[in-house]
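# Notes for the structure review
In case you want the letters, here they are:
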Amino acid sequence: MAIGTSSVQAAFDVAKIRADFPILAERVHGQPLVYLDSANTSQKPESVLKAMDDYYRHANANIHRATHLLSERATALYEGSRAKAAAFLNAPDKRTIVFTKGTTDGINLVAQSYGRSTLKPGDEILLTWLEHHSNIVPWQLVAEQTGAVIKVVPINDAGELDQGEFAALLSPRTKIVAMGHVSNALGTINPVADMIARAHAVGAVVLVDGAQAAPHLVIDVQALDCDFYVLSSHKMFGPTGTGVLYGRASLLEAMPPYQGGGDMIASVTFERTLYNQVPYKFEAGTPNMAGVVGLGAAIDYLAGIDREAALAHEDAVLEYATAQVRQIPGARIVGEARHKTGVLSFVLDGVHPHDAGTILDQQGVAVRTGQHCAQPVMDRFGIAATIRASLGIYNTREDIDALVRGLHKVRELFV
Amino acid sequence: MSELSELYQEVILDHNRRPHNFRAIEGATKQEGYNPLCGDRLTLYVAMEGGVIKDVAFQGSGCAISKASASLMTDALKGKTADEARALFDQFHAMITSDHDGPTADLGKLSVLAGVREFPTRIKCASLAWHTMKAAVASETDAPVSTE
Ligand SMILES: Cc1ncc(COP(=O)(O)O)c(C=O)c1O
C-alpha cells in the first residue's frame, strides 16, 4: 500500500474518470450514489456501453460461421478482443486466450479438463485459506471424481498466506496449486510470482485466480510464469457474462475439450470428431459476442489511463479509508496484510454487518455485507460476516467520508 | 430515513440487545436454521407437551432483525399447538411480504416487524427463525433448513 507521491496523484484526474461512468450520477434513496462495492462488480464506462450498443447496431452476426460482411465484422471485433486480452495479460500469443463466462467458468474448465484428465488418486491439489468459493468447489468436485486430495495453505492473523506452511505443504504429490492473486474478502495481495516458482520446483501446475487483481494491478503472465490465469470481465469495468482464461499453450493443446458443440470442432462424423485447435477447442457454441466486444472496450479503457497513477490513487484512498474507519469507536479491521489493494473489510462492535449495510444503503452508500463467498476466511477470524467497502478507480476520499458519516449513523442507532 | 426508523423501532433494538428466551432447552426438539447470504445461524429449541408448545427458546448469532424476530416469535409461540404455530407462520409471512399497506391480521407485538416489507433484502432475516420453527414442528428431522 505505497502512498503515491503528489506528482503521481496529480497525473490521475479522478473527476475525469468519474465522468466516464454514467451510473455514478445516479441517486439512490434520494441520496447521491456512493458506490463502494466494486469487488462485487465494477461499474462500466460509457465507452464499454457504447461498444456493446454499436456491436448490436452495426456488426451483429454469428462469428466464424458465415461469409457475409456482418459476420466478418463480428469476427474481427471478437478476435480483436482476443488480441487485446493477450496484450492486457502480456500473454505470448493470442491462441493462449480462451473466452469464458467468467472466473468461475474458467476455474471449472481447468478443473474438469486439465484436472480430471491428469489427477490420480492421492495426488494433491493445494489451495489457500483465502480462496473464494469458486476456487474451492470446482477442485472439490474434481477431487471427488479422481481421488485427489485437497490441502490448504493457512493464513496468519493479518490475513497473509503462511509462506512457511506453503513450503512445507509442497511436495512431489502436489499436482495443482490454485490460488488467488488478490483476496476478495480481505484485499491481501499474495506474492504469487515467488509462490509459482516454488510450486514449479516440485512439478506442480499453477492456476492464479485474478478476478480481484485485474481491475487494480498490471498483470504479466509471462513474468509470473503461471500456467493458468483466470479473470472476470465484470470486475474490470467490462460487462457480465464473459471472462478470460489464459493457459500455457502446451497445456491447452494437451487438454481434452471441456464442452462439446459447434465451433469447437474441425470435423464431425458419427464415427469420429476432430477437435478444433486452441483456443477454439474450448469455446463451444455461440459465445457472448457483445460481452467479449465490451470486454475489449474495457481493456482499451484501462490501456488509456496511467495504471500506475490509478493504483497510487486507489492505494491513497484505501489508506485514508483504513485510517478513518480505525478511528470509529468499536471498529475492527479484518485483514491487515502489508500488501493490500482495493478492499477494506471490518466489523463494528455491537452491530451486525447486515444491519449496517441496510442503514448505509439508506444513505446512498453501497457496500457488501456478509461472508463474501469466502466462508473459510470468516471462520478463520471467528466471525460470521464483515462490512466490506471495496474500491474502483473512480472512488474518492469524499466517498470514504460518506461511508464514515454513515457508520456514525449506524452507531447512533445501535450503540 | 422514515422507512429506516420504521424498520429499526425501539422495540426491535431492545430485543436485539436483550433477546427473550435466548437459551438452550435440554431434551427439547432442536432445529438448526442457516441464512447463507449473511452467515447467520440459529438453533431453535421446541419443547412440546400434550400437543402444546410448552417452552421454546433459541441461540445463535444474527442481525438485529433476525434476533428480534426470533425473540418475539418465541414469546408468541408459548402455549400454541403445532397447527396454531403453523397458522401464525402464515400470517407473519403474509405481513412481512405483502406489497401493500392494507390490513393484515393483527399480530400484536409481532407487528413491529411489518416494516421489513419495505426492505426486500431483509425479509430472509426476519423469516429465518420462522422457517426454522416450521421445520421443528413439522417433523423430527435434523436437516438444517435454509432461507436461500
Ligand atoms: C477472488 C474471486 N474469485 C472468483 C470470483 C468469481 O467470479 P465470477 O462470479 O465472476 O465467476 C470472484 C468474484 O466474486 C472473486 O472475487
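My aim in this report is to walk through the structure given alongside it, one point at a time. (Residues numbered from 1 in each chain as written. Chains lettered and ligands numbered in written order. Predicted model: local features only at pLDDT ≥ 70, side-chain atom pairs only at ≥ 80, totals over all residues. Heavy atoms only, no water.)

## Concerning the site of the ligand
Residue and element names in this part refer to chain A. Residues in contact with the ligand, as listed here, are Thr103, Thr104, His132, Ser134, Asn184, Asp209, Ala211, Gln212, Ser232, His234 and Lys235. In the environment of the ligand, an oxygen atom lies 3.5 Å from a nitrogen or oxygen atom belonging to the backbone of Thr103. Note that an oxygen atom of the ligand is positioned 2.7 Å from one of the side-chain N or O atoms of Gln212. With the chains in place, 85% of the 390 Å² that the ligand exposes on its own is no longer accessible. (Near = heavy atom within 4 Å. Polar contact = N/O pair within 3.5 Å; in protein donor to acceptor, adjacent residues only side chain to side chain. Areas by Shrake-Rupley, 256 points an atom, 1.4 Å probe, with all protein chains shown as cover.)

## Examining the interface of chain A and chain B
Taken together, the contact pairs 15 residues of chain A with 24 residues of chain B. When chain A packs against chain B, close to 1,500 Å² is buried across both sides, 56% of that on carbon and sulfur atoms. Of all residues in chain A, His354, Gln362 and Phe414 of chain A give up the largest surface area on contact with chain B, accounting jointly for 34% of the area buried on that side. The interface formed by chain A and chain B contains 1 salt bridge. The salt bridge partner of Arg122 of chain B is Asp355 of chain A, with a shortest N-O separation of 2.8 Å. On inspection of chain A and its partner chain B, the count reaches 6 residue pairs in polar contact (both at pLDDT 80 or more). Breaking the side of chain A that touches chain B down by element, the ones donating at least two residues are α13 (353-362) and α15 (397-414) of chain A. Considering each element in turn, the side of chain A that touches chain B owes the most residues, 5 residues, to α13 of chain A. (Contact = heavy atoms within 4.5 Å. Buried area = accessible area lost by both parts, 1.4 Å probe. Salt bridge = Lys/Arg side-chain N within 4 Å of Asp/Glu carboxyl O. Helix = DSSP H or I, 4+ residues; strand = E, 2+ residues; numbered from the N terminus.)

## A look at the sheet that holds strand β9 (residues 228-232) of chain A
Residues and elements named next belong to chain A. Strand order across the open sheet formed by 7 strands is β4-β10-β9-β8-β7-β5-β6, with mixed pairing between neighbours. In this open sheet, the two edge strands, each paired with only one partner strand, are β4 (97-100) and β6 (149-153). The average undirected angle you get between the axes of adjacent strands in this sheet is 20°. In this sheet, strand β8 (residues 205-209) lies alongside strand β7 (residues 174-180) in parallel orientation, the contact comprising 5 bridges. When the bridges of β8 are listed, Val177 appears paired with Val206. (Pairing = 2+ DSSP bridges. Axes fitted to C-alpha atoms, helices over the stretch in contact; angles between N-to-C directions.)

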